[in-house]
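Summary of the model geometry
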Amino acid sequence: MKNLILIAASLFTLCLFSSCEKKYSEPLTSTSADNKLEITVKASRLMSVDPWLVQIAVKEVGNEKQIAEVSQEIMADEISIKNVKFNWSSNTSCLLKITQADGTISQIPVTVEL
């Protein structure tokens, strides 16, 4: 019985640590209507039970230097085009909407003054 418990605990620990490979989402990019600004969303997480650390980067198209970058934790099954929406209200303002696992929507306003 002791051996069975030891084996079960060992297998559980092995499974737990084997799932600790950092996961990355595919980058999602949206460009303003005048093609001057670009917003890129990418995310990573360590384990499937962890929230995604979403990085939102803004840059001018044709310029590799970023204007700004912010991070936000999001609890979702995935970060993809299925649950991430870019709603541009002008060429310098976008409302980023990310649907979380429980159905709530995180709204992240992105506005740039050029």
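The structure under discussion appears in the preceding block.
Residues numbered from 1 in each chain as written. Predicted model: local features only at pLDDT ≥ 70, side-chain atom pairs only at ≥ 80, totals over all residues. Heavy atoms only, no water.

**Remarks on the sheet that holds strand S7 (residues 93-99)**
Across the sheet, which stays open at both edges, the 3 strands sit in the order S6-S7-S8 with antiparallel pairing between neighbours. A single partner strand is all that each edge strand has here, and the edge strands are strand S6 (84-90) and strand S8 (105-111). Between one strand axis and the next, the sheet turns by 20° as a mean value, whatever way the strands run. (Pairing = 2+ DSSP bridges. Helix = DSSP H or I, 4+ residues; strand = E, 2+ residues; numbered from the N terminus. Axes fitted to C-alpha atoms, helices over the stretch in contact; angles between N-to-C directions.)

**Section: the environment of Glu 26**
Take Glu 26: it is sitting in the loop between strand S1 (23-24) and strand S2 (28-31). Under the relative-accessibility criterion, Glu 26 is labelled exposed at 63%. (Buried < 20%, exposed > 50% of the residue type's maximum accessible area, 1.4 Å probe, protein only.)

**So, the nonpolar core**
Membership of the largest hydrophobic core comes to 20 residues, with the highest contact counts inside it found for Val 41, Val 54, Ile 56, Ile 79, Phe 86, Leu 96 and Ile 98. Those elements that place two or more of their residues in this core are strand S3 (37-45), strand S4 (52-60), S6, S7 and S8. Excluding its chain neighbours within four sequence positions, the residues that come into contact with Phe 86 are Leu 28, Thr 29, Ser 30, Ile 39, Val 41, Cys 94, Leu 95 and Leu 96. (Core = buried A, V, L, I, M, F, W, Y, C linked by side-chain atoms within 4.5 Å. Contact = heavy atoms within 4.5 Å.)

**Brief notes about the side chain of Ser 44**
With respect to the element layout, Ser 44 can be found in strand S3. A relative accessible area of 12% means that Ser 44 is categorised as buried. When neighbours within four sequence positions are excluded, Ser 44 is seen to be in contact with Lys 22, Lys 23, Tyr 24, Pro 51, Trp 52 and Leu 53.

**Quick look at the pairing of strand S5 (residues 66-74)**
With 8 bridges joining them, S4 and S5 adopt antiparallel strand pairing. Looking at the pairing, Ala 57 lines up with Glu 69 of S5. The antiparallel pairing of S4 with S5 creates a hairpin that spans 5 residues between the two strands, and Gly 62 there sits at a positive phi of about 90°.

**A closer look at the pattern of salt bridges**
For the structure shown, the criterion picks out 2 salt bridges. Between Lys 59 and Glu 38 there is a salt bridge, and its shortest N-O distance comes to 3.7 Å. Residue Lys 59 is located in strand S4, and its partner Glu 38 is located in strand S3; the two are separated by 21 residues in the primary sequence. With respect to class, Lys 59 is no different from Glu 38; both count as buried. Between Glu 64 and Lys 59 there is a salt bridge whose closest N-O contact spans 3.7 Å. Residues joined by salt bridges that share partners form a network here, namely Glu 38, Lys 59 and Glu 64. (Salt bridge = Lys/Arg side-chain N within 4 Å of Asp/Glu carboxyl O.)

**What to know about unusual backbone geometry**
Notably, Asn 35 is not glycine yet its phi reads approximately 60°, a positive angle. Relative to the elements of secondary structure, Asn 35 occurs in the loop between S2 and S3. Using a relative accessible area of 51% as the deciding quantity, one classes Asn 35 as exposed.

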